[in-house]
Amino acid sequence: MTTTALTPAQATARFGQLTVIDVRTPGEYATGHLPGAHNIPLDRLDEAADVLKNAAQRTPLLIVCASGARSAKACAQLAARGIEAATLEGGTSTWATMGHEVERPAGARATWPMDRQVRLAAGALVLVGFLAGLAWPPAHWLSGAIGAGLVLSGVTNACGMAAALSKLPHNQPPKNTVSFQETLLRLAA
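Our subject in this report is the structure included herewith. Here the structure is a predicted model, which is why all the values come from computation and not from measurement.

1. Remarks on the overall build of the chain
Phase 1: When helices and strands are tallied, the chain shows 9 helices and 5 strands.
Phase 2: The linear arrangement of helices and strands in the chain, starting from the amino end, is β-α-β-α-β-α-β-α-β-α-α-α-α-α.
Phase 3: Along the longest, intermediate and shortest principal axes, the C-alpha atoms of the chain span 60 × 40 × 30 Å.
Phase 4: Across the 189 residues of the chain, 39% fall into the buried class.
Phase 5: Within the chain, residue pairs in contact and separated by at least 24 positions form 68% of the contacts whose partners lie at least 6 positions apart.
Phase 6: Per element, the accessible surface of the chain, about 10,200 Å² overall, is 62% carbon and sulfur.
Phase 7: When the 15 basic and 12 acidic side-chain charges of the chain are each reduced to a single mean position, those positions are 4 Å apart.

Set out below in structure tokens:
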């Protein structure tokens, strides 16, 4: 099963015929998402597979994220389970840049996309390790550990730093956000 990619123009033309699934973290989702999108974070996709399979039998799935990378990964995961889905080229960022509507819940605060947060944290830790190593050479090990973590992340396609950062308060959705379980119930209806 191949992954189909829709441009924002193609998605707009078919928007009423699609079930939109946003695979970003709840905090990222709360900063703005496609109208009517359901939040199923990428790390919880397997939990939602049965519900998504049933939803895909009713209407085609459009999987979105910030830039298209995580949604492509989600489409591949779903395809491995026999669930057909399309990804949005360029993600929510391109969607918004092209002037399409983005829903933002009341009380939501703007957070950076997770990949940007990881780059900032990793870069800062490497720089701190390097500078501290000038005064105390064993501190260079911090830079080495972060580099090793990035290599491991690239090899395994999983990121421990992103998992840790997603737990920070600024990455949490507002209190009035629909829960994961409620999202599954809405998709099943």
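2. Some words on the side chain of N39
Phase 1: With respect to the secondary-structure elements, N39 resides in strand β3 (residues 38-39).
Phase 2: Its relative accessible area of 9% is what places N39 among the buried residues.
Phase 3: Within the local environment of N39, its side chain forms a polar contact with the backbone oxygen of D22, the two atoms lying 3.1 Å apart.
Phase 4: In terms of polar contacts, N39 uses its side chain to reach the backbone carbonyl oxygen of R24, at 3.0 Å.
Phase 5: Residues within four places of N39 in sequence aside, it is in contact with D22, R24, T25, P26, Y29, F180 and T183.

Calculation notes
Residues numbered from 1 in each chain as written. Predicted model: local features only at pLDDT ≥ 70, side-chain atom pairs only at ≥ 80, totals over all residues. Heavy atoms only, no water. Helix = DSSP H or I, 4+ residues; strand = E, 2+ residues; numbered from the N terminus. Buried < 20%, exposed > 50% of the residue type's maximum accessible area, 1.4 Å probe, protein only. Contact = heavy atoms within 4.5 Å. Areas by Shrake-Rupley, 256 points an atom, 1.4 Å probe, with all protein chains shown as cover. Lys, Arg positive; Asp, Glu negative; His and termini not counted. Charge placed at Lys NZ, Arg CZ, Asp CG, Glu CD. Polar contact = N/O pair within 3.5 Å; in protein donor to acceptor, adjacent residues only side chain to side chain.

The quantities given are spatial measurements derived from coordinates; they are silent on function.
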